[in-house]
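Working through the structure, step by step
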Amino acid sequence: MVTKILMVCLGNICRSPLAEGILRSKVNAEEVMVDSAGTAAYHIGEAPDLRSIMTARKHGINISKLVGRQFQESDFDEFDKIYVMDHANLSHVMGMARNESDKAKIDLILNELSPGSNQDVPDPYYGGDEGFEQVYRLLESASNTIVDKINDGRIGS
Ligand code: 4NP
């Protein structure tokens, strides 16, 4: 079975495309499918923010072809795990959950880095390039734990 992971932020142009690209770079595409979405509709159909593209590129990851889309209810059926970047995303996605099984799929991604800490990935949209690099480092570390969990069966099947 392919394990399916969805990364969610507000716009699907800064944080979640980076998270998608980073995790995808660490897994076998035949075993793990990674996607991303935004809770808002502002950037549907758009490429990631240039600052995210450049930050990923600096680390050898190409996210320039990704296309923004909005989170939808059917994502609860499609994905095994839904990682949200911050508490606003968490409230939004939790609010769309239809049952306990949907809710159990959702977590703040930084809880993989520091379990139970309930920290947000800071929104870098209004800041400078260094904010994107900080986001990259946080997501890279969290992704290592996600990969470990996939490999030992704690995520997916
Ligand atoms: P993201 O960042 O949620 O990490 O993609 C943002 C992108 C766009 C906006 C806000 C945050 N915006 O207000 O358009």
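Residues numbered from 1 in each chain as written. Predicted model: local features only at pLDDT ≥ 70, side-chain atom pairs only at ≥ 80, totals over all residues. Heavy atoms only, no water.

The next point concerns the packing of helix α2 (residues 50–58) against helix α6 (residues 129–151). At a minimum axis distance of 10 Å, the contact between α2 and α6 shows a crossing angle of 55 degrees. When the interaxial angle is binned, α2 and α6 end up oblique. In terms of crossing hand, the pair formed by α2 and α6 is right-handed. Side by side, α2 and α6 meet where Arg-51, Ser-52, Thr-55 and Lys-58 of the first sit next to Asp-129, Phe-132, Glu-133 and Tyr-136 of the second. A breakdown of the residues in the contact of α2 with α6 according to their chemical character gives two nonpolar, two polar and four charged. (Axes fitted to C-alpha atoms, helices over the stretch in contact; angles between N-to-C directions. Helix = DSSP H or I, 4+ residues; strand = E, 2+ residues; numbered from the N terminus. Parallel < 35°, antiparallel > 145°, perpendicular 65-115°, else oblique. Left-handed = near helix turned anticlockwise from the far one by under 90°. Contact = heavy atoms within 4.5 Å. Nonpolar A, V, L, I, M, F, W, Y, C, P; charged D, E, K, R; others polar.)

This next bit is on the pattern of salt bridges. One pass over the full model with this rule turns up 15 salt bridges. Residues Asp-102 and Arg-98 are paired through a salt bridge, measuring 2.7 Å at the closest nitrogen-oxygen approach. On the basis of relative accessibility, which here comes to 37%, the residue Arg-98 falls in the partly exposed class. Linking Arg-154 and Asp-152 is a salt bridge whose minimum nitrogen-to-oxygen distance equals 2.9 Å. Exposure remark for Arg-154: the relative accessible area of 55% places this residue in the exposed category. (Salt bridge = Lys/Arg side-chain N within 4 Å of Asp/Glu carboxyl O. Buried < 20%, exposed > 50% of the residue type's maximum accessible area, 1.4 Å probe, protein only.)

When you tally the buried positions in strand β2 (residues 32–38), you get five out of seven residues, the bulk of the element. Across seven bridges, strand β1 (residues 3–9) lies against β2 in parallel orientation. Residue pairing across strands places Leu-6 opposite Asp-35, the latter belonging to β2. For the segment spanning β1, helix α1 (residues 15–26) and β2, crossover handedness is right-handed. (Pairing = 2+ DSSP bridges. Right-handed = clockwise from strand over helix to strand, strands pointing away.)

As a structural note, the neighbourhood of the ligand is formed by Cys-9, Leu-10, Gly-11, Asn-12, Ile-13, Cys-14, Arg-15, Tyr-42, His-43, Asp-123, Tyr-125 and Tyr-126. In the environment of the ligand, an oxygen atom lies 3.1 Å from a nitrogen or oxygen atom belonging to the backbone of Ile-13. Coverage of the ligand by the protein amounts to 93% of the 360 Å² it exposes when considered alone. Grouping the amino acids of the shell around the ligand by side-chain chemistry returns seven nonpolar, three polar and two charged. (Near = heavy atom within 4 Å. Polar contact = N/O pair within 3.5 Å; in protein donor to acceptor, adjacent residues only side chain to side chain. Areas by Shrake-Rupley, 256 points an atom, 1.4 Å probe, with all protein chains shown as cover.)

Summed over all chains, the structure comprises two aromatic pairs. Relative to Phe-76, the ring of Phe-71 lies with its centre 5.3 Å away and its plane at 80 degrees, an arrangement referred to as edge-to-face. Summarising the burial analysis for this pair, Phe-71 and Phe-76 share the class buried. (Phe/Tyr/Trp six-rings, centres within 6.5 Å; stacked < 30°, edge-to-face > 60°.)

If you walk through the whole model with that rule in mind, you get zero disulfides. Here Cys-9 stays unpaired: no disulfide links it, and the sulfur of Cys-14, its closest cysteine neighbor, is 6.9 Å away. Residue class for Cys-9 comes out buried when judged on its relative accessible area of 2%. (Disulfide = S-S within 2.5 Å.)

Here the focus is the side chain of Ser-143. Counting through the fold element by element, Ser-143 comes out in helix α6. Residue class for Ser-143 comes out buried when judged on its relative accessible area of 1%. Among all residues touching Ser-143, those that are not within four sequence positions of it are Ile-22, Leu-23 and Lys-26.

Attention now moves to the sheet that holds strand β4 (residues 106–108). Strand order in the open sheet formed by four strands is β2-β1-β3-β4, and the pairing between neighbours is parallel. Where the open sheet ends on each side, the last strands, each with one partner, are β2 and β4. Pairs of neighbouring strands in the sheet enclose a mean axial angle of 25 degrees, with direction left out of account. Along the sheet, helix α4 (residues 87–96) contacts β1, β3 (81–84) and β4; its crossing angle with β4, the most-contacted strand, is approximately 170 degrees.

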